[in-house]
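Residue-level listing of the chains:
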Amino acid sequence: MPALIRWHRRQLRHDLARVGVNLADIESEEICWNVAWDFVAEILRDPSSHTVAAVQGHKYVPSPAEIAAWDIHEREMNAQRQKGALYQRFPRPWAGKPPTYSQPDQQMTPEREARRAKLDQMF
């Protein structure tokens, strides 16, 4: 969840506010991480949330009605195709390319080197 907060802070703050939770309370640990994850998991299940749209790289946040309308349109168009034709998926106008995330350079501290050496000896 910290990576989600790092990359999509504004969207997550917006979606948490919709359910009555403040992101600052999570970061200051006034709300424990287990409870916070319950809220975030619900947000990630909602295809019309801003966080899901950001993670999937959408151009905009589609409403549930728009998603349903495109699904119905796709089924209608495929129903009119010839028998035995493969199901064709139509591109959604909100769909974009998912973002790529770069990992921050991790400094090799003496403590980290010691832990790695200990692991190397164990395995």
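Residues numbered from 1 in each chain as written. Predicted model: local features only at pLDDT ≥ 70, side-chain atom pairs only at ≥ 80, totals over all residues. Heavy atoms only, no water.

Novice: Give a detailed account of the overall build of the protein chain, specifying residues and quantitative values.
Specialist: Per the secondary structure count, the protein chain includes seven helices and zero strands. Ordered by position in the sequence, the α and β elements of the protein chain form the string α-α-α-α-α-α-α. Relative to a compact globule of 123 residues, whose C-alpha radius of gyration would be 14 Å, the protein chain shows 21 Å and is clearly more extended. In terms of its C-alpha atoms, the protein chain occupies a principal-axis envelope of roughly 65 × 40 × 20 Å. At a minimum sequence separation of 6, the contacts of the protein chain that also span at least 24 residues come to 54%. Accessible surface for the protein chain amounts to roughly 9400 Å². Of this, 54% is attributable to carbon and sulfur atoms. The protein chain carries 17 positive and 16 negative side-chain charges, and their two centres are separated by 8 Å. (Helix = DSSP H or I, 4+ residues; strand = E, 2+ residues; numbered from the N terminus. Rg over C-alpha atoms; globule rule 2.2 N^0.38 Å. Contact = heavy atoms within 4.5 Å. Areas by Shrake-Rupley, 256 points an atom, 1.4 Å probe, with all protein chains shown as cover. Lys, Arg positive; Asp, Glu negative; His and termini not counted. Charge placed at Lys NZ, Arg CZ, Asp CG, Glu CD.)

Novice: Explain the nonpolar core residue by residue, including any values.
Specialist: By size, the foremost hydrophobic cluster in this structure holds 11 residues: Leu4, Ile5, Leu12, Leu16, Val21, Leu23, Ile26, Ile31, Ala36, Val40 and Ile43. Secondary structure elements with two or more residues in this core: α1 (2-7), α2 (9-18), α3 (23-27) and α4 (33-45). Here this core gets three residues from one element, more than from any other, and that element is α4. Not counting chain neighbours up to four residues away, the residues in contact with Leu12 comprise Leu4, Ile5, Leu23, Val40, Ile43 and Thr51. (Core = buried A, V, L, I, M, F, W, Y, C linked by side-chain atoms within 4.5 Å. Buried < 20%, exposed > 50% of the residue type's maximum accessible area, 1.4 Å probe, protein only.)

Novice: Lay out the packing of α2 against α4 with the relevant residues and their values.
Specialist: It is the contact of α2 with α4, at a shortest axis distance of 10 Å, that shows an interaxial angle of 100°. With respect to each other, α2 and α4 are oriented roughly perpendicular. For the pair formed by α2 and α4, the contact residues are Leu12, Asp15 and Leu16 on the first element and Phe39, Val40 and Ile43 on the second. In terms of residue class, the contact of α2 with α4 is built from five nonpolar, no polar and one charged. (Axes fitted to C-alpha atoms, helices over the stretch in contact; angles between N-to-C directions. Parallel < 35°, antiparallel > 145°, perpendicular 65-115°, else oblique. Nonpolar A, V, L, I, M, F, W, Y, C, P; charged D, E, K, R; others polar.)

Novice: Outline the environment of Ala68, listing residues and values.
Specialist: Relative to the helices and strands, Ala68 is located in helix α6 (residues 64-79). Taking the relative accessible area as the measure of exposure, Ala68 reaches 37% and is therefore partly exposed. It is 50 Å that separates the C-alpha atoms of Ala68 and Arg112, two residues lying 44 residues apart in sequence.

Novice: Describe in detail unusual backbone geometry, supporting the description with residues and values.
Specialist: Its identity as a non-glycine residue notwithstanding, Glu29 has a phi of 65°, on the positive side. As for its placement among the helices and strands, Glu29 is situated in the loop between α3 and α4.

Novice: Describe in detail α2, supporting the description with residues and values.
Specialist: Three or more residues of α2 are buried, namely Leu12, Asp15 and Leu16. Considered in projection along α2, the buried side chains sweep an arc of 100° and stay on one side of the axis. Exposed residues lying more than 90 degrees from the buried face of α2 are Arg10 and Ala17. Contacts made by the buried residues of α2 are with α1, α3, α4 and α5 (50-56). One or two positions beyond α2, positive phi appears at Gly20, with a value near 85°. (Arc of directions from axis to C-beta.)

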